[in-house]
Amino acid sequence: MNNKFLGTGVALVTPFNADLSIDHKALTNIVNHNIENGVEYLVICGTTGESVTLTKQEKQDVIATISSANNGRLPLVLGIGGNNTTQVIEEIKTTDLSSIDAILSVSPYYNKPTQEGLYQHFKAIAKACPVDIILYNVPGRTSKNMDADTTLRLAKDFDNIIAVKEAGNNMAQYYELIKNKPEDFLVISGDDDLALGVTLAGGAGVISVIGQALPKDFSEMIRLGLKGDAKQAYQLHYKLMDVIDHIFEENNPAGIKAVFEALGFCADTVRLPVVPASNNLKEKIKAYLA
């Protein structure tokens, strides 16, 4: 069992200054906030990090800032995925992965491959990747579900495919994965609202969005879930439920950045085509935090 990815991972935001340049000081503060409050690992340049609107140089700068702030304290996961298999492999080969423990690779979006196409895409990546791989199934963003059978086939066929971040918001698929997975394969929730239920059912925890803003409560909830302490864990779940709804009401990461702005960590600046949270949503978030 790959214990370094048990518990709470957080999909870090990329804070921006008013001129849309990266706010590296705020990013360092957010990393420290998470490490000091008990999260188990950090995820760099995922969806929440607005990776699709970062240049290659900016991605390298973000990796450098997070690696430096982390200073070897927690495992690091880097998002490298896409819908052009050759290009994904090229990015893996040309990225310095010396400080990275695993990559998080999203299922191809837009071109809607078959299940066999998804299998062959990740097979090619597995053969080329020098570090462990966490598959990422997020049909709400890719418009194509990676079936449990495809994930399990990849899990069985490739030793370096160690986990899936499953974000289909589909409990039946989570159960199928947990029931039929190889013993050492991790099923990680990518749905903040379902994370506790998935963990209690035998999942490995979560890669969370809200967890980075409220790391103490969220990571404690997941640790209780891993211990099977449902009663105490659900008390924290109910406390966090409303803010989880709020941050996904309009767009991720506009919602989580509004939380960070209210907490004083960074501005709510996002890059187009994403726009900041509406004033109405910001008021709800402020009321919750108060």
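Residues numbered from 1 in each chain as written. Predicted model: local features only at pLDDT ≥ 70, side-chain atom pairs only at ≥ 80, totals over all residues. Heavy atoms only, no water.

> Give me the lowdown on the pattern of salt bridges, citing residues and values where you can.
With the rule as written, the count across this model stands at 12 salt bridges. The closest approach of N and O atoms between Lys59 and Glu91, which form a salt bridge, is 3.8 Å. With Lys59 in helix α2 (residues 56-70) and Glu91 in helix α3 (residues 85-94), the pair connects residues that are 32 residues apart, well separated along the chain. Taken together, the salt bridges that share partners define one network made up of Glu40, Glu220 and Arg223. (Salt bridge = Lys/Arg side-chain N within 4 Å of Asp/Glu carboxyl O. Helix = DSSP H or I, 4+ residues; strand = E, 2+ residues; numbered from the N terminus.)

> Before we move on, could you go through the layout of surface pockets and cite the residues and values that matter?
By volume, the largest pocket is sized at about 930 Å³. Every residue lining the largest pocket is counted, 38 residues in all, and those nearest its centre are Ser51, Val52, Lys59, Gly81 and Tyr109. The set of elements that each furnish at least two residues to the lining of the largest pocket consists of α2, β3 (76-79), α3, β4 (102-106) and α5 (139-142). Taken together, the residues that form the lining of the largest pocket break down as 15 nonpolar, 16 polar and 7 charged. Considering only enclosed or pocket space, the second largest pocket measures out at about 410 Å³ in volume. (1 Å grid on protein atoms, 1.4 Å probe; cavity = no way out; pocket = protein on both sides within 12 Å on 5 of 7 lines; lining within 4 Å. Points joined across faces, edges and corners; volume = space filled by probe spheres on them. Nonpolar A, V, L, I, M, F, W, Y, C, P; charged D, E, K, R; others polar.)

> I'd like a description of the pairing of β3, backed by residues and values.
On β3, burial covers both faces: Leu76 and Leu78 on one face and Val77 and Gly79 on the other are all buried. Summarising the sheet, strand β2 (residues 41-44) and β3 pair through 3 bridges and their orientation is parallel. Along β3, the bridge assignment pairs Ile44 with Leu78. One crossover worth recording links β2 to the parallel β3 by way of α2, and it is right-handed. Following the chain from β3 across α3 to the adjacent parallel β4, one finds a crossover that is right-handed. (Buried < 20%, exposed > 50% of the residue type's maximum accessible area, 1.4 Å probe, protein only. Pairing = 2+ DSSP bridges. Right-handed = clockwise from strand over helix to strand, strands pointing away.)

> Talk me through the packing of aromatic side chains; I want residue IDs and the actual numbers.
With the rule as written, the count across this model stands at 4 aromatic pairs. Ring geometry for Phe5 versus Tyr41: centroids 5.1 Å apart, planes at 80°, classification edge-to-face. A residue pair is termed long-range when its members are at least 10 positions apart, and Phe5 in the segment before β1 (7-11) and Tyr41 in strand β2 qualify at 36 residues. Judged by relative accessible area, which is 0%, Phe5 ranks as buried. Positioned above the aromatic ring of Tyr119, the side-chain terminus of Arg153 is 3.5 Å from the ring centre. (Phe/Tyr/Trp six-rings, centres within 6.5 Å; stacked < 30°, edge-to-face > 60°. Lys NZ or Arg CZ within 6 Å of the ring centre and 35° of its normal.)

> Can you explain the state of the cysteines? Please cite residues and give values.
Under the criterion given, the structure shown has 0 disulfides. Unpaired in this structure, Cys45 has its nearest cysteine sulfur neighbour in Cys129, at a distance of 15 Å. On the accessibility criterion, Cys129 (7% relative accessible area) is buried. (Disulfide = S-S within 2.5 Å.)

> Can you break down the packing of α3 against helix α4 (residues 115-128) residue by residue, with the values?
Running from amino to carboxyl end, α3 crosses α4 at an angle of 20°, the nearest separation of the two axes being 10 Å. In terms of orientation, α3 and α4 fall into the roughly parallel class. Judged by the twist between their axes, the crossing of α3 over α4 is right-handed. Residues Thr85, Val88, Ile89, Ile92 and Lys93 of α3 form the contact with α4, whose participating residues are His121, Ala124, Ile125 and Ala128. Of the residues that constitute the contact of α3 with α4, the class distribution is 6 nonpolar, 2 polar and 1 charged. (Axes fitted to C-alpha atoms, helices over the stretch in contact; angles between N-to-C directions. Parallel < 35°, antiparallel > 145°, perpendicular 65-115°, else oblique. Left-handed = near helix turned anticlockwise from the far one by under 90°. Contact = heavy atoms within 4.5 Å.)

Keep in mind these values describe shape, not function.
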